[in-house]
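As a plain string of letters, each chain reads:
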Amino acid sequence: MAIKTGREEGAAQVSIDRSKCTNCGLCAQVCKGAPLRMEQGELVVEQDRFFGCIGCGHCMSICPWDCIAVSGRDLSPEDMIPLPAREKRAGYDQLLALFMSRRSIRNFRDTPVEKEMIDKIVAAVSTAPMGLPPSDVEILVLDSPGQVREFAA
């Protein structure tokens, strides 16, 4: 049985390329639906265990050997976004500096935000983690003062 969210019903399917898999167990540690587990040092895939694969993709994301494929529940390996190299990721100091430099003063300008900038912001936001993936998330972009006033009313 799969956890019903905004995506398709039923369980997704997990495939392991055994020629690449080192049985490191990282995928089993992050598996939320619980079809992946370690048994005597070997990765075991049990598709109907507990909830089955909920199609969150965590196992594909964490696998350092790129040997896991999840298909179903509207997810496929082609949906994966490669993680940035560790040396390009922000550390605590960079994250803190970003948070501390952000100000919300509500001093709006009378010039529209360029569509290219809106598209970049939406692309960045689309990578944010969810509480229980996969979930459908929608974004409403109000790109004019008139739209903001209409929405507020």
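Residues numbered from 1 in each chain as written. Predicted model: local features only at pLDDT ≥ 70, side-chain atom pairs only at ≥ 80, totals over all residues. Heavy atoms only, no water.

Before going further, it helps to examine the overall build of the chain. For the chain, the count of helices and strands is 5 helices and 4 strands. Long-range contacts, defined here as pairs at least 24 residues apart, represent 52% of the contacts in the chain between residues at least 6 apart. Counting every atom, the chain has about 11700 Å² of accessible surface; 56% of that belongs to carbon and sulfur. (Helix = DSSP H or I, 4+ residues; strand = E, 2+ residues; numbered from the N terminus. Contact = heavy atoms within 4.5 Å. Areas by Shrake-Rupley, 256 points an atom, 1.4 Å probe, with all protein chains shown as cover.)

For glutamine 40, which is not a glycine, the phi torsion comes out positive at approximately 55 degrees. Note that glutamine 40 resides in the loop between β2 (36-39) and β3 (42-45). Overall, glutamine 40 belongs to the exposed group, its relative accessible area being 82%. At aspartate 66, a position not held by glycine, the phi torsion is positive, near 55 degrees. Position of aspartate 66 relative to the elements: it lies in the loop between α2 (58-62) and β4 (68-71). (Buried < 20%, exposed > 50% of the residue type's maximum accessible area, 1.4 Å probe, protein only.)

The subject of this paragraph is the pattern of salt bridges. A full pass over the atoms with the stated rule returns 3 salt bridges. The partner of lysine 115 in a salt bridge is aspartate 119, with the nearest N and O atoms 3.0 Å apart. One end of the pair is lysine 115 and the other is aspartate 119, both in helix α4 (residues 115-125) and 4 residues apart, which spans about a single turn. On the basis of relative accessible area, lysine 115 is assigned to the exposed category, the value being 58%. You can call aspartate 119 partly exposed: its relative accessible area is 39%. Here the salt bridges share partners, and the residues they tie into one network are Arg37, Glu39 and Glu46. (Salt bridge = Lys/Arg side-chain N within 4 Å of Asp/Glu carboxyl O.)

Relative to β3, β2 is paired through 4 bridges, and the arrangement is antiparallel. Paired with methionine 38 across the strands is leucine 43, a residue of β3. Following β2, the chain reverses through 2 residues before pairing antiparallel with β3; glutamine 40 in that reversal takes a positive phi of roughly 55 degrees. (Pairing = 2+ DSSP bridges.)

Ranked by internal contacts, the top residues of the largest apolar core, which has 16 residues, are Val14, Leu36, Leu43, Ile68 and Val70. Residue assignment for this core shows that the elements contributing at least two residues are β1 (13-16), α1 (26-30), α2 and β4. If we ignore the near neighbours within four places in the chain, the residues touching valine 70 are Ala12, Gln13, Val14, Cys53, Gly55, Cys59, Met60, Leu75, Ser76 and Pro77. (Core = buried A, V, L, I, M, F, W, Y, C linked by side-chain atoms within 4.5 Å.)

On the surface, Val113, Met117, Ile121, Val125, Ile139 and Val141 cluster together into a nonpolar patch covering about 500 Å² of accessible area. Relative to the elements of secondary structure, isoleucine 139 occurs in the loop between α4 and α5 (145-152). Judged by its relative accessible area of 46%, isoleucine 139 falls in the partly exposed class. (Patch = residues over 30% accessible without salt bridge, like charges linked within 9 Å, V, L, I, M, F, W, Y side chains within 5 Å.)

With that out of the way, let us pick up the environment of glycine 10. You can see glycine 10 is positioned in the segment before β1. Spatially, the C-alpha atom of glycine 10 lies 8.3 Å from that of glycine 72, the residues being 62 residues apart in sequence.

Turning to the environment of glutamate 39, a few remarks are in order. Note on placement: glutamate 39 falls in strand β2. Taking the relative accessible area as the measure of exposure, glutamate 39 reaches 38% and is therefore partly exposed. Between the C-alpha atom of glutamate 39 and that of glycine 25, which follows or precedes it by 14 residues, the distance is 9.8 Å.

Covalent bonding between the sulfur atoms of two cysteines is what defines a disulfide. If you walk through the whole model with that rule in mind, you get 0 disulfides. You can see cysteine 24 has no disulfide; the closest cysteine sulfur is in cysteine 27, sitting 6.1 Å from it. The class for cysteine 24 is partly exposed, based on a relative accessible area of 42%. Of all cysteine sulfurs, the one in cysteine 67 lies closest to cysteine 63, which takes part in no disulfide; the gap is 3.5 Å. When its relative accessible area of 14% is taken as the criterion, cysteine 63 is described as buried. (Disulfide = S-S within 2.5 Å.)

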